[in-house]
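Reading the structure
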Amino acid sequence: MNPDAPISRRTPEKSPAKQPKQAQPSSFANKALKFFGWLLALLVAAAIAGAAVVAVGLAMAYPNLPDVSELADYRPKLPMRVYSSEGALLGEFGEERRNLTPINEIPKVMVDAVLAIEDTRFFEHSGVDYKGMARALLANLGREKAQGASTITMQVARNVYLSSEKTYTRKIYEILLTLKLEHALSKNQILEIYMNQIYLGNRAYGFSAASETYFGKPLKDVTVAEAAMLAGLPKAPSAYNPISNPKRARIRQLYIIDRMEENRFITPAQASQAREEPLKIRSSYADNRVHAEYVAEMARQLIFAQYGSEAYTRGLNVYTTLIASDQETAYDALRKGIMDYEKRQHYRGPEKFISLPAAGQERDEAIDEVLAQHPDNGNILSAVVLEASARKVVVIRADGDPISISGDGLKPVQSGLSDKAPPNTKLRPGAVVRIMETAKKTWELTQLPEVEGAFVSLDPRSGAIKALVGGFDFDKNKFNHVTQAWRQPGSSFKPFIYSAALEKGFSPTTVINDAPLSFPGSAGQQPWEPKNSDGRFDGPMTMRQALARSKNLVTIRVMQSVGPKKAQEWVTKFGFDADKQPPYLPMALGAGSVTPMQMVAGYSVFANGGHRVNPYLIAKITDHRGNVLSEFTPPSVEDLPRAIDARNAFIMDSLLQDVARYGTAAKAQAQLKRPDIYGKTGTTNDSVDAWFAGFQPTNAAVVWMGYDNPRSLGAREYGGGLSLPIWINYMQHALKGVPVAQMTPPSGLVNQGGDWYYEEYARSAPNLGLDSPASTAGTMVPPPNAEERNKILDLFRN
C-alpha cells in the first residue's frame, strides 16, 4: 500500500453469486479427441504422400505427353471441294466436312455464344477452371445449374489427342495436356483450333462448316439466334441437331440466348429479338448446291489419280470450267425432256404396296417408314395413296398433308385406274406413287423414268466444259452416259462423211440420186435394202438438200464414193476411235459407236474453223489457303492442232445451218430466232438412240436419249422430237446476250450461184447415182464382197 495515497471511503461490496461447478472432461471424450487428432494427422500424411506420388507420377508423365507445338500451325483434315468457275460449290469429298477459318474471321457473335455456354471465364483461367469445377460439383449435388467443368482448352486437348473413354488416367492426361497447351499457345490460337476442330453433327467439323450445313450461309453472316443454335451442338451433336431434333435444339438455343444476355454479350433487346427470330434450317446439305453430281465425281477421279488419298484430307479446292447457271439449265432441261417422254409411256404401276392401318399414329408411322425407303427424286416426290377412283386420287406426303389430284393430273396413270388394271398396276390405298407439281401449280401423278439421257456442252474455241449431265439422276444411276455410254450416233454422224466427201471434190450443189439400193445377202440371208426414215425416195437432189432432209440413200452413195476405209481414217481427225467405226457402208448412217463427249468434240471442229479441241474440266487447283497448286490455260484457237481445212469447216457450217433452218432441226432457228445455229438430228434403227448435236460458234452441245439396255424408244420417237427440245431449252439460256456470230469465208473458196466451192473443184463436182446405183463421177464402185455384206447385216441386226 502506498502511504502517501489518499484514503478513500470504501463501500462494502456485495458477495458474488455462487457459480456452478464446471464439469471435468470425461475419459471417453479425451479418447475421442485423441482418435480424431490421430485420424486427422493420418489424413494429412496420406494427402502429403498422395500429393508426392501424384507429383512424381506427373513428373514422369509430363515428358511423355505429345508435342503440342505442332498446333501452332494447325492443319486439320480438310475435305476436297469442287467448285464451278464462279465459285459455286458442286461437291465435297472427305470424311470430315470442314472450312478452316482464322480466328479473326470468326464473327464475335459466334465466339460470344460459344463462350457463354462452354467457358465463360476462358480468357481468365489458366486452362483449368477451378471455380467451374466447384460449380459442377454443386450441380452434381443438385444445388444449382452449371454448364460443366471442362474448359475449351480441355476440350481441345481431348478432341485432338485423347480418346473419349471416361477414366481417371485419361482425365489426368487431359489436365496435363491442358496446362501444356496453355503454356505453348495463346488463348486465340486455342480458341481458333476449338472453333475449327469440334464436331457438330452431319459430318460438319467446326462452326464454319456447320453454318453451311444447317443454314446454307457463310459463318460471317450468322445472326444471334443462329449462333446460339450452333453453339448448342458441341455438347451433343445428335441430341441438339436442328434437322433431326428441332424441339430439343430450340430449347437449348433459348437457354444459350439467356446465358449470352446474363453475361452481357448481348443486350436485352437483342436477346428478345433472337428468341423471336424464325430460323430457316436446311433439310439437306445439298439443298442449295448446283446439280452437278456427275461433274463432281469426274473431278474427284481426276484429282485422286494425281494426289491419291491425300486428296480427301489436305483441303484442295478444285475449280472447274463449269458455268453454274448453264449447268442448272442443262440439268432442268434434260430432266424435263425425259419426263415429257415418260408421260407418253404406259403406266408401270406403283413402286410398292403397304397395308394402311386405321388413321392415327400407327398409320403415320407406317407412311413415314415406307416413304423413307422411297426418297424424293428431285422434283419427283414420293407419296402414299389414301383414296383412289377413276376421277380422283388422294395421296399423302411425309408432312401429313393430303393432296387431291384429278383431271389432267390423272392422265399419266389412267391405265392404273381402270377396273381391268392388273393387281400390280392398280392404284389403291397403300400404293407408293410419284407426284409432280405442274407449271400451273397443280399436281399430277407420274412415275420414275426408265429411259436415260445425257447432255454436254463446251466452248468449241477452247474445249472448256460448260455443262455436263451424265444421266437423269446420279443417286439413281451413277453411270456417266456422257463419257461412258458407247452408243450408235445414227444420222448425227452423217456430217463427218459429208466432210470427207468435200475433200474428194464434192460440193453443196453436187447432185446425188435418192433412189433405192439393194445389197444381196448370201447363204440364205435377206438382202440389205437401206431405207429413208420417211420411207420415201425423192430422186436426184443436191448434197445440201440431202443432209438437211437426212436422206440415208444419198449418204450411202456418198460413202461409196469416198470409200469406207478412207472415211474411217477421216473421222479419226475429229477424235473418233477407228476401231469403233468399222470401215463398212453402214458407218455412214451412224452404225459405229461414239460417246456424247466424242460427239461434242467432233462438232466443235466444225464450230471453230477446223481445229481439234480436247475437252477439259479442271481449270485450277488451290490449297486451303488459296495458294495455286496448278492451273490450266488453254491455247488460243489458232494454236490448236488443225483437224480439217478451214474451207471444209466453213462449207460444212453452211450445210448444218440449213439443217437448223429448214431441215430436220428447223425448230432450232425458229424457236431461238437467230441465224447462227447449226446442227444435226440423229435417230438409229428402230429408234433405239435419239440425238441432237449442234452449236453456235461459242457453244457446242450434244443431247442423247435411250435405254441402258438398248430397246426402241417408240415407233414415232426421233431425235428431232426427243433430244432437240432439250438442246433448244439449254441454248435459250446459254445464248442470252451473246451477239450473233458471222462466219467469215476463208481463202481458197469461191462463191458461184450463191453457193461455195473449193477453188480447185469449182467446175468439176461429181454427180452420183444418176446412171447407176453405184456410179460415182463415171467410176464404178464394186458392190460389197460376201464378208463385208455379212458384217453390214450383222451391224443392222445388233
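Now for a description of the structure that goes with this document.

Parameters and conventions
Residues numbered from 1 in each chain as written. Predicted model: local features only at pLDDT ≥ 70, side-chain atom pairs only at ≥ 80, totals over all residues. Heavy atoms only, no water. Helix = DSSP H or I, 4+ residues; strand = E, 2+ residues; numbered from the N terminus. Buried < 20%, exposed > 50% of the residue type's maximum accessible area, 1.4 Å probe, protein only. Contact = heavy atoms within 4.5 Å. Areas by Shrake-Rupley, 256 points an atom, 1.4 Å probe, with all protein chains shown as cover. Pairing = 2+ DSSP bridges. Axes fitted to C-alpha atoms, helices over the stretch in contact; angles between N-to-C directions. Patch = residues over 30% accessible without salt bridge, like charges linked within 9 Å, V, L, I, M, F, W, Y side chains within 5 Å. Salt bridge = Lys/Arg side-chain N within 4 Å of Asp/Glu carboxyl O. Lys, Arg positive; Asp, Glu negative; His and termini not counted. Charge placed at Lys NZ, Arg CZ, Asp CG, Glu CD. Parallel < 35°, antiparallel > 145°, perpendicular 65-115°, else oblique. Nonpolar A, V, L, I, M, F, W, Y, C, P; charged D, E, K, R; others polar.

**A look at the overall build of the protein chain**
The number of helices and strands found in the protein chain is 22 helices and 24 strands. Per-residue burial over the protein chain gives 50% buried out of 798 residues. Of the contacts formed within the protein chain by residues at least 6 apart in sequence, a portion of 70% connects residues at least 24 apart. For the protein chain, the exposed surface amounts to about 38700 Å²; the carbon and sulfur share of it is 53%.

**Some words on the pairing of strand β13 (residues 465-469)**
Among the 5 residues that make up β13, 5 are buried, leaving the element largely enclosed by the rest of the structure. Looking at chain direction, strand β12 (residues 452-458) and β13 are connected through 4 bridges and run antiparallel. Its bridge partner being in β13, leucine 458 is matched across the sheet by isoleucine 465. Joining the antiparallel neighbours β12 and β13 is a turn of 6 residues, in which glycine 463 adopts a positive phi near 95 degrees.

**Let's talk about the sheet that holds strand β20 (residues 699-706)**
Here 5 strands make up an open sheet; going across it, the order is β13-β12-β20-β19-β18 and the pairing antiparallel. Single-partner strands in this sheet number two, and they are β13 and β18 (678-683). Strand-to-strand twist in this sheet, taken as the mean axis angle between neighbours without regard to direction, amounts to 5 degrees. As judged from the 6 bridges shared by β18 and strand β19 (residues 689-696), these two strands associate in the antiparallel manner. Looking across to β19, one finds that threonine 683 is bridged to alanine 690. Packing against the sheet, helix α19 (residues 646-662) makes contact with β18 and β19, and its axis sits at approximately 65 degrees to β18.

**So, a negative patch on the surface**
Together, Glu362, Asp364, Glu365, Asp368 and Glu369 make up a negatively charged patch on the protein surface. With respect to the helices and strands, the residue glutamate 362 is situated in helix α13 (residues 361-373). By relative accessible area, glutamate 362 is classed as exposed at 57%.

**Some remarks on a nonpolar patch on the surface**
On the surface, Phe35, Phe36, Leu39 and Leu43 cluster together into a nonpolar patch covering about 430 Å² of accessible area. The residue leucine 39 is located in helix α1 (residues 27-61) in this model. Exposure remark for leucine 39: the relative accessible area of 33% places this residue in the partly exposed category.

**Looking at the sheet that holds strand β2 (residues 89-93)**
Pairing is mixed across the open sheet formed by 5 strands, whose spatial order is β2-β1-β5-β16-β17. Two strands close off the open sheet at either side, each with one partner strand: β2 and β17 (628-631). Neighbour to neighbour, the strand axes of the sheet diverge by 15 degrees on average, direction disregarded. Relative to strand β5 (residues 317-320), strand β1 (residues 80-83) runs parallel, the two sharing 3 bridges. Bridge pairing links arginine 81 to asparagine 317 in β5. Sheet contacts for helix α11 (residues 293-307): β1, β2, β5, β16 (618-622) and β17; angle to β2, the most-contacted strand, approximately 45 degrees.

**Brief notes about the packing of helix α14 (residues 494-503) against helix α17 (residues 564-571)**
Orientation of α14 relative to α17, taken along the N-to-C sense of each, is 110 degrees, at an axis distance of 9 Å. Regarding the angle of α14 to α17, the classification is roughly perpendicular. Contacts between α14 and α17 pair Phe496, Ile497, Ser499, Ala500 and Glu503 from the former with Ala567, Trp570 and Val571 from the latter. Of the residues assigned to the contact of α14 with α17, the class counts are 6 nonpolar, 1 polar and 1 charged.

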